[in-house]
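These are the residues of each chain, in order.
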Amino acid sequence: MNTHVCKTVPIEYSQVVKAYCKVKKGGKAAGIDNESWSEFDKKVEGNLYAVWNRLASGSYHPQAVREVEIPKKDGKMRKLGIPTLRDRIAQQVVKDYMEKRIDLLFHENSYGYRPLKSAHQAIEQVRRNCYRQDWVIDMDISKFFDEIDHALMIKAVEHVMEEKWVKMYVERWLRMPVQKQDGTLQQKAGKGTPQGGVISPLLANLYLHFTLDMWLTKHYPRVNFVRYADDVVVHCTSKAEAEKVLEAIKQRLVEVKLQIKEEKTRIAYCKDYRRKGRHEVVKFEFLGYSYQPRARKSNRDGESFTAFAAEISQSNQKRIREVIREVKLWRITQIEIRDIAKLLNAKLRGWIAYYGKYSIRSLRNTLMMTDRKLIRWLRKKHKIGNRKAVEKLNSIRQANPELFYHWEMGYC
């Protein structure tokens, strides 16, 4: 295969191969062409060559994205746009090229979808900021990915990337129509980048870098903030300052074609043993964690005190219990307990890795739902009473302490 043909866009075949390897680790959902990875891989070299040839010649044109809906915590539906596998590979190539050149420009307190940055780092920074500053603006941007203005987005791309071909491809992806669930095509009206697109998180970070991060740094250098994609927490020293900054942010967002979601935006007081003021809102949520006053014990003398601390939120505790409760294997008594462990361990491992960062007690209480369901399953399987089922489960755990991941990690 000749991969050294003269092309107008400086993209190498090796970059496409690397992008393919990254994208294949992600979602398996097919785009509007219904092409699966198994089909793509039947002629993988030829397919990758076709993607490279079109990208490198400037003739790559993406297909429409397929719209799917997933439920949100509030009962509403979140719309995702699923590109074709080939479009995902192409987006990954350009994302990698852009990211190497612009990620270092982003603010240090922007944590979402960035190399060497993580949600846990953002959660920890919020915890530290709450200790230093008394007040928090818990901010929600309404329909952010749907409302990103294309003209402002392209202006931001031009500001950080000199290459005209980068702008060309970003424009093409921004303009991709959406195939609705009834099969009709919806054209973009100069705004929006689909959640589900490989390049969308990078474009979102670039958009908010100029429209919010740098603006806050310039006009309100005394406040601190933490941003994970469009999830933003701003820390202030007084209630008056928080109110002033929140009003200014609202006006700023209007200027850049965005708006705050009023019902999910609040000013909270970080109440702890040092802060004696009274305020009706002393709680907020960020990235699945709830920050609020909690009883803690001193390491030195064991005395109790109130800390403003983070732990898994009530809504996510409820969601985990629902996932455990809805496992279909609980109704099947012909299987063995190892079959249940095999199904649940990946989920248990993920929950503990993410939510076990702070306040293990709440997560342990939540994961105990697994043991309660196991006891009921053992009762049905062996036709025994509750006491004998508890004894049997304890015997199994003692003999196989690593059978379930939460047993292995001491969450029992």
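An account of the accompanying structure is given in this report. (Residues numbered from 1 in each chain as written. Predicted model: local features only at pLDDT ≥ 70, side-chain atom pairs only at ≥ 80, totals over all residues. Heavy atoms only, no water.)

### Comments concerning helix α12 (residues 337–355)
- In this model, α12 (19 residues) spans 25 Å end to end at C-alpha, consistent with the 27 Å of a helix rising 1.5 Å per residue.
- Its axis deflected by about 40° at Leu344, α12 carries its strongest bend there.
- Against β10 (289–297), β11 (304–312), α11 (314–325), α13 (360–382), α14 (386–399) and α15 (405–408) lie the buried residues of α12. (Helix = DSSP H or I, 4+ residues; strand = E, 2+ residues; numbered from the N terminus. Expected span 1.5 Å × (residues − 1). Bend = angle between axes of the 7 residues up to and from the residue. Contact = heavy atoms within 4.5 Å.)

### Notes on the pattern of salt bridges
- Considering all chains together, one arrives at 23 salt bridges under this definition.
- For Glu67, the salt bridge goes to Lys180, with nearest N and O atoms at 3.1 Å. Of the two residues, Glu67 is situated in strand β1 (residues 65–71) and Lys180 in the loop between β4 (178–179) and β5 (185–186); the sequence distance between them amounts to 113 residues.
- The exposure class of Glu67 is buried, given its relative accessible area of 10%.
- Measuring nitrogen to oxygen at the nearest pair gives 3.0 Å for the salt bridge that ties Arg128 to Glu124. Of this pair, Arg128 and Glu124 are both found in helix α5 (residues 119–132), four residues apart, which corresponds to roughly one turn of the helix.
- Residue class for Arg128 comes out partly exposed when judged on its relative accessible area of 41%.
- A single salt-bridge network, built from bridges that share partners, covers Asp134, Asp272, Arg274 and Arg275. (Salt bridge = Lys/Arg side-chain N within 4 Å of Asp/Glu carboxyl O. Buried < 20%, exposed > 50% of the residue type's maximum accessible area, 1.4 Å probe, protein only.)

### Looking at the sheet that holds strand β9 (residues 284–286)
- Taken together, the three strands give an open sheet; going across it, the order is β9-β10-β11, and neighbouring strands pair in antiparallel fashion. Two strands lie at the open edges of the sheet, namely β9 and β11, each paired on one side alone. Along the sheet, successive strands turn relative to each other by an average axial angle of 50°, direction set aside.
- The pairing of β10 with β11 spans nine bridges and is classified as antiparallel. By the bridge assignment, Lys297 is partnered in β11 with Ser304. (Pairing = 2+ DSSP bridges. Axes fitted to C-alpha atoms, helices over the stretch in contact; angles between N-to-C directions.)

### Description of the layout of surface pockets
- When its volume is computed, the largest pocket comes out at roughly 2,000 Å³.
- Looking at the lining of the largest pocket, the element that brings in the most residues is α11, giving five residues.
- Of the residues in the lining of the largest pocket, the class split is 20 nonpolar, nine polar and 21 charged.
- Here the second largest pocket defines a volume of roughly 380 Å³.
- At the level of secondary structure, the elements contributing two or more residues to the lining of the second largest pocket comprise β1, β2 (77–82) and α6 (144–147).
- Classifying every residue of the lining of the second largest pocket gives six nonpolar, six polar and seven charged. (1 Å grid on protein atoms, 1.4 Å probe; cavity = no way out; pocket = protein on both sides within 12 Å on 5 of 7 lines; lining within 4 Å. Points joined across faces, edges and corners; volume = space filled by probe spheres on them. Nonpolar A, V, L, I, M, F, W, Y, C, P; charged D, E, K, R; others polar.)

### Here we look at unusual backbone geometry
- Phi at Tyr113 takes a positive value of approximately 55°, unusual for a residue other than glycine.
- Looking at the element boundaries, Tyr113 is found in the loop between α4 (85–102) and α5.
- Owing to a relative accessible area of 48%, Tyr113 belongs among the partly exposed residues under this scheme.
- With a phi angle near 70°, Lys257 is a residue other than glycine that sits in the positive phi range.
- Mapped onto the secondary structure, Lys257 falls in the loop between α10 (239–255) and β8 (266–269).

### Overview of the nonpolar core
- Counting residues in hydrophobic clusters, the biggest one holds 73 residues, and the most contacted among them are Met98, Leu216, Val234 and Ile249.
- Per-element accounting of this core gives the leading share, nine residues, to helix α9 (residues 200–219).
- Look past the residues within four positions of Met98 in its chain and what remains in contact with it is Met161, Val166, Val170, Ile199, Leu202 and Leu203.
- The next biggest cluster of nonpolar side chains, apart from the first, holds 50 residues, and it includes Val233, Leu329, Leu374 and Leu403. (Core = buried A, V, L, I, M, F, W, Y, C linked by side-chain atoms within 4.5 Å.)

### Looking at the packing of aromatic side chains
- Tallied over the entire structure, the rule returns 20 aromatic pairs.
- With centroids separated by 5.4 Å and ring planes inclined at 55°, the aromatic side chains of Tyr49 and Trp52 adopt a geometry described as tilted. Placement of the pair is Tyr49 and Trp52 together in helix α3 (residues 44–57), with a separation of three residues, close to one helical turn.
- Accessibility expressed as a relative area gives 25% for Tyr49, which makes it partly exposed. (Phe/Tyr/Trp six-rings, centres within 6.5 Å; stacked < 30°, edge-to-face > 60°.)

### Topic: the sheet that holds β5
- Pairing is mixed in the open sheet, where four strands are placed in the order β2-β1-β4-β5. Unpaired on one side and paired on the other, β2 and β5 mark the two borders of the sheet.
- Taken together, the two bridges between β4 and β5 define a ladder with antiparallel strand orientation. In the sheet register, Gln179 faces β5, and the bridge partner there is Leu185.

### Re the pairing of strand β7 (residues 231–236)
- Of all six residues making up β7, five are buried, and the element is well covered by its neighbours.
- For strand β3 (residues 135–140) and β7, the ladder comprises six bridges, and the chain directions are antiparallel. Within β7, the residue paired with Trp135 across the bridge is Cys236.
- In this sheet, β7 lies alongside strand β6 (residues 224–228) in antiparallel orientation, the contact comprising five bridges. Directly across from Asn224, in β7, lies its bridge partner His235.
- Taking the residues that link successive antiparallel strands as the turn, the β6-β7 hairpin has two residues, and the phi of Ala229 there is positive, at about 55°.

### Focus: the environment of Lys42
- Tracing the chain through its elements places Lys42 in helix α2 (residues 37–42).
- Classification of Lys42 as exposed rests on a relative accessible area of 69%.
- The sequence separation of Lys42 and Gly277 amounts to 235 residues, and the corresponding C-alpha distance is 66 Å.

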